[in-house]
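What follows is the residue order along each chain.
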Amino acid sequence: MNKVAVRQAALSDLDALAALFDRYRQFYGRGSDVDAAKAFLLARFNHGESVLFLAFDGDMPVGFAQLYPSFSSVSLARIFVLNDLFVDTSARKQGVAGKLIAAAVAFAKTVEAVRLSLSTEVGNKSAQALYEANGWKRDEAFLSYEFSVPL
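A quick note: this is a predicted structure, and the numbers were derived from the prediction, not measured. (Residues numbered from 1 in each chain as written. Predicted model: local features only at pLDDT ≥ 70, side-chain atom pairs only at ≥ 80, totals over all residues. Heavy atoms only, no water.)

(A) Inspection of the side chain of Asn 124 at higher detail. As for its placement among the helices and strands, Asn 124 is situated in the loop between β5 (115–117) and α4 (125–133). Within the local environment of Asn 124, its side chain forms a polar contact with the side chain of Ser 126, the two groups lying 3.3 Å apart. A polar side-chain atom of Asn 124 sits 3.1 Å from the main-chain amide nitrogen of Ala 127. (Helix = DSSP H or I, 4+ residues; strand = E, 2+ residues; numbered from the N terminus. Polar contact = N/O pair within 3.5 Å; in protein donor to acceptor, adjacent residues only side chain to side chain.)

Below you can see the structure in the form of structure tokens.
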């Protein structure tokens, strides 16, 4: 693997991002739909609703991370949710995810965010080890709840 470079994604990266995003969704059991992935990401770009980072091995896109902005009322400050992190199987275990996480943290610092947060599956021990190795702390104070809105 060549030296991996990570940069903030631009609209011109949409095709590369859509292909990776489609594989990410497949990892979570969804069917392949590159067109839907592309439309979803385009909407995030068009509405300024997320910040994406793209990792390259040479000129080959091998991973991405997506941050969603939010705010902390208690802290009176911006926060980000690291909602998506994916590294192609060809590039795993080579430090790509760590570089994507570092880029997300650096970006958060530049916009004076006070916190990044994420969720991962309880059984995803490799992801948990990655996050903890990169200085993330497991939340022991709060429980997370979800509500599925009936359609």
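(B) Seen up close, the sheet that holds strand β4 (residues 77–87). Strand order in the open sheet made by the five strands is β1-β2-β3-β4-β5, with mixed pairing throughout. On the outer flanks of this sheet lie β1 (4–8) and β5, each paired with one strand and no other. Here the average twist between neighbouring strands, direction ignored, is 25°. Pairing of strand β3 (residues 60–72) with β4 involves 10 bridges; the strand directions are antiparallel. Along β4, the bridge assignment pairs Tyr 68 with Val 81. Against the sheet, helix α1 (residues 14–27) contacts β2 (51–57), β3 and β4, and its axis sits at roughly 80° relative to β3. Sheet strands touched by helix α2 (residues 34–47): β2 and β3. Its angle to β3, the strand with the most contacts, is close to 50°. (Pairing = 2+ DSSP bridges. Axes fitted to C-alpha atoms, helices over the stretch in contact; angles between N-to-C directions. Contact = heavy atoms within 4.5 Å.)

(C) Broad picture of the nonpolar core. Formed by 25 residues in total, the largest nonpolar core has its most connected members in Phe 53, Leu 67, Phe 80, Leu 85, Val 96 and Leu 100. The set of elements that each furnish at least two residues to this core consists of β2, β3, β4, α3 (96–110) and α4. No other element matches the eight residues that α3 contributes to this core. Apart from residues no more than four positions distant in its own chain, Leu 67 is found in contact with Glu 49, Ser 50, Val 51, Phe 53, Phe 80, Val 81, Leu 82, Ala 104, Phe 107 and Leu 116. Counting residues in hydrophobic clusters, the runner-up holds 13 residues, among them Leu 20, Phe 56, Phe 64 and Phe 86. (Core = buried A, V, L, I, M, F, W, Y, C linked by side-chain atoms within 4.5 Å. Buried < 20%, exposed > 50% of the residue type's maximum accessible area, 1.4 Å probe, protein only.)

(D) Main features of the packing of aromatic side chains. Under the counting rule described, the total for this entry stands at 11 aromatic pairs. For the ring pair Phe 80 and Phe 107, a centre distance of 5.6 Å and an interplane angle of 70° mean the geometry is edge-to-face. You can see Phe 80 sitting in strand β4 and its partner Phe 107 sitting in helix α3, a full 27 residues away along the chain. The pair formed by Phe 80 and Phe 107 is uniform in burial state, with each residue classed as buried. The ring centre of Phe 40 lies 4.4 Å from the NZ or CZ of Arg 44, which sits over that ring. (Phe/Tyr/Trp six-rings, centres within 6.5 Å; stacked < 30°, edge-to-face > 60°. Lys NZ or Arg CZ within 6 Å of the ring centre and 35° of its normal.)

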